Amino acid sequence: MEVNALVGQLTSRKTECLVVAFGNQGLDSPSLKSLDEATSGLIGRLVKKGDIKQTDGNFLLLSEPPGLAAERLLIVTTGKDNLNEQAFLNLVAGLSGQLTKLPIKSACVSLEGIEVSGRDDAWQAQQLARLLGEAAYLFNPFKSAEKKPSTLKKVSLVLPYRKGLEAVKTSLVCGTAIANGINRARELGDLPGNICTPSYLATQARALAGKHPNLSCKVLTEKQMQTLGMGSLLSVTAGTEQPAKLIVLEYKGGKSGDKPVVLVGKGVTFDSGGISLKPGAGMDEMKYDMCGAASVLGTLTAAAESQLALNVVGIIPTVENMPGGRATKPGDIVTSMSGQTIEILNTDAEGRLILCDALTYAGRFKPAAVVDIATLTGACVTALGSHASGLLSNDDELAGQLEAAGTTSGDRVWRLPLWAEYDKQLKSNFADMANIGGREAGTITAACFLSRFTKNYRWAHLDIAGTAWNSGANKGATGRPVPLLMQFLMEQVGK
């Protein structure tokens, strides 16, 4: 979807749908005052009748409004107070849903009258472009009777003045790129496990690199991983016929020699639990256990499209976890790439087994920071639900940057402790560590396990088990935490 910015009068704007905000200024807003005059007081009369209420998130669609060049007028109400970031995002998400359902090809949107505390027009523009792109997502390649995609192809953001126009245009490009990255992550997540295998992800990564000259891709085979000593990662893939892959994407948008930010995404394309077999109910959703990998591919898509001026490395360990005659058994001991030994008490705690070798490999890039993203623990869903991703880190500054980026993007996180007391739960009588720490504090002990492989650099862990997809009637991948990761990366430029 094309989203652009222009300056002009609303009353004479020829468009299939003109969107205006009824904000905290009410009819005192200059744009609404001019529209009310052009329509001979129609908007004022609708306010008096109660059809337009000064509450948050209501929509009123008027067809063929008199005195206007627009074919439709869509009025969105924002309430009497300034909005916070989350309220604005909810409002624009609702607006995007309204627009994509209309039988129109183009629309003009004015955000005049919407005030977001601490945020400027450029921020609003970025979120508008992003959420419009997200609303257009449609996944139905396997339906015999396909749903028709939205007809909306172009949206123009109309500004009342030229000041800040260039910044808004830049933000719209960035927001569109983020939306494309989110939708790419959603598409990969929604694919079934018999299509989206480790080899498929490797093919998609190579294709992405082929589109952008400053993006390169290398894929390590099981034989190469064995040579590197990745016994932990390879233990997970022992029971399946699908070969494991280690995908390495290097995006060079910054200066030569600048240390990269490394993103490591868990890519278990289907997680049966292995010998520690999961219950059958809901097991179909274990195709989403590669959403960490999908978010890395989505973030690099957005970074390349927006020409982000930063060096970024994406590392994706990708496997399928299945039971079989050669599958790893509870009680088996494996040696990781770092040389540390692991007693595998539960084969369903497999994500940390592939991540630990990938995190060791990440050290080769001498990173400025490493962030891993994983649908790691059900305990995180219990603790935080679907609203916030779990955050744990060995560096307070890095954690603070991710928390701030989550607030700015609306893709929020909540930090949990990473204390030595929790690390003790990983004690093993037979190896350097166990891969689980018991029932208590499962999200934290999983991160404690990973922290043993990240001693040499700044590191943060995002547990997205509760935020990567929705269940129930609206089942589907969300594309999170692509918005958070892109905001974080954009804020690293120039540091």
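The model shown is predicted, which means the values in this text are computed figures rather than measured ones.

1. Here's the deal with unusual backbone geometry
In this structure, the amide linkage connecting R480 to the following residue, P481, adopts the cis form with an omega of 10°. Looking at the secondary structure, you find P481 in the loop between β20 (476-477) and α15 (482-492). If you check the backbone angles, S40 has positive phi at about 60° while not being a glycine. Positionally, S40 belongs in the loop between α1 (30-38) and α2 (42-49). One non-glycine residue, E64, lies in the positive phi region at around 50°. Under the relative-accessibility criterion, E64 is labelled exposed at 64%.

2. Some details on the pairing of strand β4 (residues 72-78)
With 7 of its 7 residues buried, β4 lies for the most part within the structure. The side-chain alternation of β4 yields two buried faces, one formed by R72, L74, V76 and T78 and the other by L73, I75 and T77. Where strand β2 (residues 18-22) meets β4, 5 bridges bridge the pair, whose relative direction is parallel. Opposite V20, over in β4, you have I75 as the bridge partner. As defined by bridge partners, strand β3 (residues 56-63) adjoins β4 across 6 bridges and the pair is classed as antiparallel. Bridging across to β4, L61 finds its partner in L74.

3. Focus on the side chain of S272
Tracing the backbone through its elements, the reader meets S272 in the loop between β10 (267-271) and α9 (291-305). Within the structure, S272 has its side chain in polar contact with the backbone oxygen of N321 (distance 2.7 Å). When neighbours within four sequence positions are excluded, S272 is seen to be in contact with L277, K278, M283, N321, M322 and P323.

4. Overview of helix α14 (residues 442-451)
Counted residue by residue, α14 has 10 buried out of 10 residues, so it is predominantly covered. Along α14, the positions that sit buried rather than exposed are G442, T443, I444, T445, A446, A447, C448, F449, L450 and S451.

5. Here's the deal with the pattern of salt bridges
If charged atoms from side chains of opposite charge come close, those side chains can pair. Scanning all chains against the criterion turns up 17 salt bridges. Measuring nitrogen to oxygen at the nearest pair gives 3.8 Å for the salt bridge that ties R72 to E71. Using a relative accessible area of 18% as the deciding quantity, one classes R72 as buried. Here D289 and K266 are joined by a salt bridge, their closest N and O atoms 2.9 Å apart. One end of the pair, D289, is in the loop between β10 and α9; the other, K266, is in the loop between β9 (261-265) and β10, with 23 residues separating them in the sequence. You can call D289 buried: its relative accessible area is 4%. Exposure remark for K266: the relative accessible area of 2% places this residue in the buried category. Among the charged side chains, a network of salt bridges with common partners joins K266, D289 and E350.

6. Regarding the state of the cysteines
Considering all chains together, one arrives at 0 disulfides under this definition. Residue C17 stays outside any disulfide, its sulfur separated by 9.1 Å from that of C108, the closest cysteine. Looking at C17, the relative accessible area reads 0%, which means it is buried. No disulfide involves C217; its sulfur sits 14 Å from that of C196, the nearest cysteine. Judged by relative accessible area, C217 falls into the partly exposed class, the value being 26%.

Definitions and limits used
- Residues numbered from 1 in each chain as written.
- Predicted model: local features only at pLDDT ≥ 70, side-chain atom pairs only at ≥ 80, totals over all residues.
- Heavy atoms only, no water.
- Helix = DSSP H or I, 4+ residues; strand = E, 2+ residues; numbered from the N terminus.
- Buried < 20%, exposed > 50% of the residue type's maximum accessible area, 1.4 Å probe, protein only.
- Pairing = 2+ DSSP bridges.
- Polar contact = N/O pair within 3.5 Å; in protein donor to acceptor, adjacent residues only side chain to side chain.
- Contact = heavy atoms within 4.5 Å.
- Salt bridge = Lys/Arg side-chain N within 4 Å of Asp/Glu carboxyl O.
- Disulfide = S-S within 2.5 Å.

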